[in-house]
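# Fold and contact review
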Protein chains: 2
Amino acid sequence: MTIEKIFGHVLREFRTSNKLSQEKLSQECGLDRSYISLLERGLRQPSLTTILLLSKALNTTATNMVSSVEEFLNENIKNGIPDKSR
Amino acid sequence: MTIEKIFGHVLREFRTSNKLSQEKLSQECGLDRSYISLLERGLRQPSLTTILLLSKALNTTATNMVSSVEEFLNENIKNGIPDKSR
C-alpha cells in the first residue's frame, strides 16, 4: 500500500469520525472538494501545509494525522503483508 | 514565518544534531542534495513521503518532525510575533 493510499485512509477516518462530508470539510479548510476526494482515494500526495489545513478543520493536529499514518505503516511492516481490506 | 521556513529550520536542526552534512543526508535518504538545500532554505514544501524519507535517515519519525513544526507554530502564535531570529 502506498503512502498516498494510507494517508487517504487516515483522512477518511478522521473526516467521518467528525461527521463531515467532503463538501463540508472543503468549506472548513479551504481546499477544493475534488482535491480532498483525490487525497482520500490515494491519488494525490499531501504537502505539509495541506496536512496542517486539514488537521485544523478536523479538530486534530498534523502530528496526530502523521502519527496515524506511521502506525499504519509500522503495523503493515510488522505483519509483513499490506492490509488490503482497509 | 511560512510553513516552508519553519520546516526548513526543523530539518536543519535534526540534520545538524545528527552531525550529517546535506551531502551525507542526501545519500542516506535518496533525495537530491540540492532539494535538501531548497527545503532547509524554506524554498520548497515537503510532501508526506519526503518527510518520511528524511525522518528515517535522521533517526527520528515523521511524527516527531511534524510535531516540532507545530510546536514552533504554536509558540509563534502564543508570542504573537514571528521569531525572526531563528
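Source: prediction; values computed, not measured. (Residues numbered from 1 in each chain as written. Chains lettered and ligands numbered in written order. Predicted model: local features only at pLDDT ≥ 70, side-chain atom pairs only at ≥ 80, totals over all residues. Heavy atoms only, no water.)

## With respect to the overall build of chain A
Condition: By the criteria applied, helices consist of DSSP H or I runs no shorter than four residues and strands consist of E runs no shorter than two, each listed in order from the N terminus. Note that the radius of gyration is over C-alpha atoms, with the globule rule given as 2.2 Å times the number of residues to the power 0.38. Each residue is placed in one exposure class: buried if its accessible area under a 1.4 Å probe, protein chains only, is under 20% of its type's maximum, exposed if it is over 50%, and partly exposed if it falls in between. Whether two residues are in contact is decided by their heavy atoms: any pair within 4.5 Å suffices. Per-residue and other accessible areas were derived by the Shrake-Rupley procedure at a 1.4 Å probe size, with only the shown protein chains allowed to occlude residues. Neither His nor the chain termini are counted; the positive set is Lys and Arg, and the negative set is Asp and Glu. In this description, the location of a charge corresponds to atom NZ of lysine, CZ of arginine, CG of aspartate or CD of glutamate.
Helix and strand counts for chain A come out as five helices and zero strands. Listing every helix and strand of chain A by position from the N terminus yields α-α-α-α-α. Over its C-alpha trace chain A gives a radius of gyration of 12 Å, about what one expects of a compact globule, namely 12 Å for 86 residues. Of all 86 residues assigned to chain A, the portion counted as buried reaches 47%. Of all intrachain contacts in chain A linking residues separated by at least 6 positions in sequence, the fraction that spans at least 24 positions is 57%. With the model as given, the accessible surface of chain A reaches about 4,700 Å², and the carbon-plus-sulfur share is 48%. When the 12 positive and 10 negative side-chain charges of chain A are each reduced to one mean point, those points stand 4 Å apart.

## Overview of the relation of the copies chain B and chain A
The criterion, for reference: Each copy is superposed on the other by least squares, with the fit set by C-alpha atoms of residues at a pLDDT of at least 70 in both.
Under the fitted operation, chain B is carried onto chain A by 0.0 Å of movement along the axis and a turn of 180°, and the coordinates agree to an RMSD of 0.0 Å. On this basis, the relationship between the two copies can be described by a two-fold rotation axis. Taking the C-alpha atom as reference, chain B places Ser47(B) closest to the rotation axis, 2.1 Å from it. Mapped onto chain A, 100% of the interface residues of chain B again fall at the interface, so both copies present the same surface.

## Focus: the interface of chain B and chain A
Test applied: When two parts are brought into contact, each loses some accessible area as probed by a 1.4 Å sphere; the total of that loss over both is the buried area. By salt bridge we mean one thing: a side-chain nitrogen of Lys or Arg within 4 Å of a carboxyl oxygen of Asp or Glu. Each residue is assigned to one class: nonpolar for Ala, Val, Leu, Ile, Met, Phe, Trp, Tyr, Cys and Pro, charged for Asp, Glu, Lys and Arg, and polar for all the others, Gly among them.
Between chain B and chain A, the residue contacts involve 18 residues of the former and 18 residues of the latter. When the two sides are added together, the surface that chain B and chain A hide from each other amounts to roughly 1,400 Å², 67% of it contributed by carbon and sulfur. On the chain B side of the interface with chain A, the three residues burying the most area are Leu48(B), Thr63(B) and Glu70(B), jointly 39% of the side's total. For the pair chain B and chain A, the interface holds zero salt bridges. For the side of chain B that touches chain A, the leading source of residues is helix H5 (residues 62–79) of chain B, giving seven residues. When grouped by side-chain class, the residues that make up the side of chain B that touches chain A number ten nonpolar, seven polar and one charged.

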